[in-house]
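Secondary and tertiary structure notes
Listed below, chain by chain, are the residues.
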Amino acid sequence: MASVSLRAIAKNYDGINNIIHGIDLNIRDGEFMVFVGPSGCGKTTMMRMIAGLEDITGGELYIGDQLSNQISPVDRGVAMVFQSYALYPHMTVFDNMGFGLKISGSSKQAVKDAVGRAADILHITHLLDRKPKALSGGQRQRVAIGRAIVRKPKVFLFDEPLSNLDAALRVQMRVELSKLHKELGTTMIYVTHDQTEAMTMGDRIAVFNKGKIEQVGPPMDLYRQPINTFVAGFLGSPMMNFLPCTISRGDGEQLVLRIGESGTIILEGTTAVVAHAAALASGSVTVGIRPESFEIAPAGDGLPVEVELVEHLGDTLMIYARLPGVEKSLSIKVQETDFEWCVGKKLCVRPKAGSCHLFNEAGSSLSFV
């Protein structure tokens, strides 16, 4: 096992096309770190530099205590699991898993022992004599993971390994990978664009955007206290509602947010938060409210909305509602109740206490009220 330290890591092509912009990040020994972000944000390029499959343009990469910029991929002590499985079609599962050890000169008994142990961990012992074409997608992914396990790497690298699987199998494999991490205790770095995978699997998440890391932290810390609108909007499904508003100081320690044509939200805050937010009254402010943070308000209170669409999701409902003067519909997530949510229904909703995020014109978080 080993820690991974990224110190001002940069990547460009031909000296002009900057892909990674001076990233600093310390990944602890035995940690499950998730790189998450939209397509093209640089997360896979960063992983490939850790693996040695891409040259590092600037900065220093340490794996453990060893500077690894110029070390060949095979000598870095890392193992990478790809999205495409990359199995040899003419080889059996046993031969695929043991191939790396075989070409490195390991004895037949050592290969047999290593493959047998990995197969036991992944519950694929009964598949060792099959070839990849006889396996399901989930089984092929287990073989690819097993091939990495037999090398006993210091660091596992996973590059969107579940993206080719169907929804049900992805859920199953998320559980299996989390259990595998607990059993092996090895440092794992996992790349995905799926925020659900990031939230459910990672000890910490690094949110990538345009070659930079926006925020790093435990999943629920990022969910509850996003540093800006990008992180707030990327983590959470459906995404957070962002509503432009004007802000003023009310009575005592109150903030008054005016949204759309007739929506009003009154927030209770600390003196410092109120003073800070009130100072921005002449500027453009955005309030962020997660879909599950709404509740029904008395008539004439909160935000007057009209229901446009109702989606039944089993134990919950997704409501999409129109707020006069606001371009985008509100997303409201509620539990199945006896309350009648139907298209065309008019009612008032408001955020639950302590669930509003305030952002300034640049998108940076101001406070959480």
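Residues numbered from 1 in each chain as written. Predicted model: local features only at pLDDT ≥ 70, side-chain atom pairs only at ≥ 80, totals over all residues. Heavy atoms only, no water.

1. Quick look at the sheet that holds strand β4 (residues 58–63)
Ordered in space as β2-β1-β4-β5, the 4 strands form an open sheet in which the pairing is antiparallel. On the outer flanks of this sheet lie β2 (17–27) and β5 (66–67), each paired with one strand and no other. Pairing analysis gives 5 bridges linking strand β1 (residues 4–13) to β4, with the strands arranged antiparallel. Across the sheet, the residue bridging to V4 is I63, located in β4. Strands in contact with helix α1 (residues 43–51) are β1, β2 and β4; relative to β1, the strand with the most contacts, it is inclined by about 115°. (Pairing = 2+ DSSP bridges. Helix = DSSP H or I, 4+ residues; strand = E, 2+ residues; numbered from the N terminus. Contact = heavy atoms within 4.5 Å. Axes fitted to C-alpha atoms, helices over the stretch in contact; angles between N-to-C directions.)

2. Description of the layout of surface pockets
In this model, the largest pocket occupies a volume close to 580 Å³. Along the walls of the largest pocket sit 20 residues, with V78, M80, G100, R147 and R151 positioned nearest its centre. Contributions of two or more residues to the lining of the largest pocket are made by β6 (78–81), α2 (93–103) and α4 (137–149). Sorting elements by how many residues they give to the lining of the largest pocket places α2 first, with 5 residues. (1 Å grid on protein atoms, 1.4 Å probe; cavity = no way out; pocket = protein on both sides within 12 Å on 5 of 7 lines; lining within 4 Å. Points joined across faces, edges and corners; volume = space filled by probe spheres on them.)

3. Thoughts on the packing of α2 against α4
In contact at an axis separation of 7 Å, α2 and α4 are set at 30° when each is read in the N-to-C sense. Comparing the axis directions of α2 and α4 gives the class roughly parallel. Relative to α4, the crossing made by α2 is right-handed. Across the interface between the two elements, V93, N96 and M97 of α2 pack against V143, G146 and R147 of α4. The residue makeup of the contact of α2 with α4, split by class, is 3 nonpolar, 2 polar and 1 charged. (Parallel < 35°, antiparallel > 145°, perpendicular 65-115°, else oblique. Left-handed = near helix turned anticlockwise from the far one by under 90°. Nonpolar A, V, L, I, M, F, W, Y, C, P; charged D, E, K, R; others polar.)

4. Some thoughts on the sheet that holds strand β8 (residues 187–192)
Sheet strands line up and pair through hydrogen bonds in the backbone, either parallel or antiparallel. Taken in spatial order, the 6 strands line up as β6-β7-β8-β3-β9-β10 in an open sheet, and their pairing is mixed. Sheet topology places β6 and β10 (212–217) at the edges, where each strand pairs with a single neighbour. Adjacent strand axes in the sheet meet at a mean angle of 20° when their direction is disregarded. Note that β6 and strand β7 (residues 155–159) share 4 bridges and pair parallel. Within β7, the residue paired with V81 across the bridge is F158. Contacting β3 (32–36), β6, β7, β8 and β9 (204–209), α1 crosses the sheet at an angle of about 150° to β8.

5. Looking at the pairing of β9
β9 sits mainly inside the fold: 6 of its 6 residues count as buried. Pairing between β3 and β9: 4 bridges, direction parallel. Within β9, the residue paired with M33 across the bridge is R204. Of the pairings in the sheet, the one linking β9 to β10 comprises 5 bridges and is antiparallel in character. Counted as the bridge partner of I205 is G217 from β10. Between β9 and β10, which pair antiparallel one after the other, the connecting turn spans 2 residues, and K210 there sits at a positive phi close to 50°. (Buried < 20%, exposed > 50% of the residue type's maximum accessible area, 1.4 Å probe, protein only.)

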